[in-house]
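Inside the fold
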Amino acid sequence: MKAFSPRILLLTILLVVGAAGAIVLSHTIASAQDPHQTMLTLRDLPENAVVSSDGYIRDFTEISHPLHKAEPLDSADTQVEKSADLYDYSSVYMFSSLLREQKAYVANWQYVYQNPEQAQKAAELFLHQAVNQAPDKIERYPGTSKNKALTGEILSVVNPEDGVEVFWFVATDGNILSLAMVDGLESEANKEVLRTIFDMQKN
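Rules behind the numbers
Residues numbered from 1 in each chain as written. Predicted model: local features only at pLDDT ≥ 70, side-chain atom pairs only at ≥ 80, totals over all residues. Heavy atoms only, no water. Core = buried A, V, L, I, M, F, W, Y, C linked by side-chain atoms within 4.5 Å. Buried < 20%, exposed > 50% of the residue type's maximum accessible area, 1.4 Å probe, protein only. Helix = DSSP H or I, 4+ residues; strand = E, 2+ residues; numbered from the N terminus. Contact = heavy atoms within 4.5 Å. Salt bridge = Lys/Arg side-chain N within 4 Å of Asp/Glu carboxyl O.

With respect to the nonpolar core
- Within the largest apolar cluster, 29 residues are counted, with the highest numbers of intra-cluster contacts made by Leu 67, Trp 109, Tyr 111, Tyr 113, Leu 177 and Leu 179.
- Looking at this core, the elements with two or more residues in it are helix 2 (84–87), strand 3 (91–99), strand 4 (104–112), helix 3 (116–133), strand 7 (165–173) and strand 8 (176–184).
- Broken down by element, the residue count for this core peaks at 8 residues, all from helix 3.
- Once residues lying within four places of it in the same chain are set aside, the contact partners of Leu 179 are Pro 66, Leu 67, Ala 107, Asn 108, Trp 109, Tyr 111, Phe 126, Trp 168, Phe 169 and Val 170.
- Among the nonpolar cores identified, the runner-up in size contains 21 residues, and Met 39, Ala 49, Tyr 141 and Val 182 belong to it.

Remarks on the pattern of salt bridges
- Taken as a whole, this structure holds 4 salt bridges when the rule is applied.
- Salt-bridge contacts for Asp 199 lead to Lys 146; the nearest nitrogen and oxygen are separated by 2.8 Å. In this pair, Asp 199 sits in strand 9 (residues 198–200) while Lys 146 sits in the loop between strand 5 (138–145) and strand 6 (151–158), placing the two residues 53 residues apart along the sequence.
- According to the relative accessible area criterion, Asp 199 is partly exposed, its value standing at 26%.
- Where Lys 191 meets Glu 188, a salt bridge forms, and the shortest distance between an N and an O atom there is 3.5 Å. Remark: Glu 188 and Lys 191 occur in helix 4 (residues 187–197); sequence separation between them is 3 residues, near one turn of the helix.
- Using a relative accessible area of 54% as the deciding quantity, one classes Glu 188 as exposed.
- Where salt bridges share partners, they join Glu 165, Glu 188 and Lys 191 into one cluster.

Interpretation in functional terms is not warranted from these geometric data alone.
Structure, rendered in structure tokens:
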């Protein structure tokens, strides 16, 4: 699993997007039905949040989500990255939001698998690959979404390029793998946003 960060996109968008209005990113389509009840929504975020994407991803090779199926540029990437247990999902729903004041980006992806066992295996693989990327720069601790819909693990990852702390939330609910991310330009702002969405059980 390659490190996934929308920082370049975030920098560009924050320069051109006003505090009001919305941007719909390409390669998502409006939902024909309500997303799963555990999905993050605008109500879960700070008041200044602006929706940037809300819908099903129709192209699984689109790199707007962390488990995209695009062929890696580096052919030396491990085969584990394309493990069927991680990439054999049938649909992906994406919700994302920009927070101009905090210079942050929040995204939630929900992947639907064939059964709960496969979703749980995918969560374990995602966590394993994330930790193996930089074990000395990652902290793990339990977390629960503020709406109490999901309990899972929070990963605190220090971006090696700029030292900014990025947060991931990994959880399952039945046959659904839920991945949420808080990324931005400043570590403290990212933490502030994270605390708005999740209850952390950090020692």
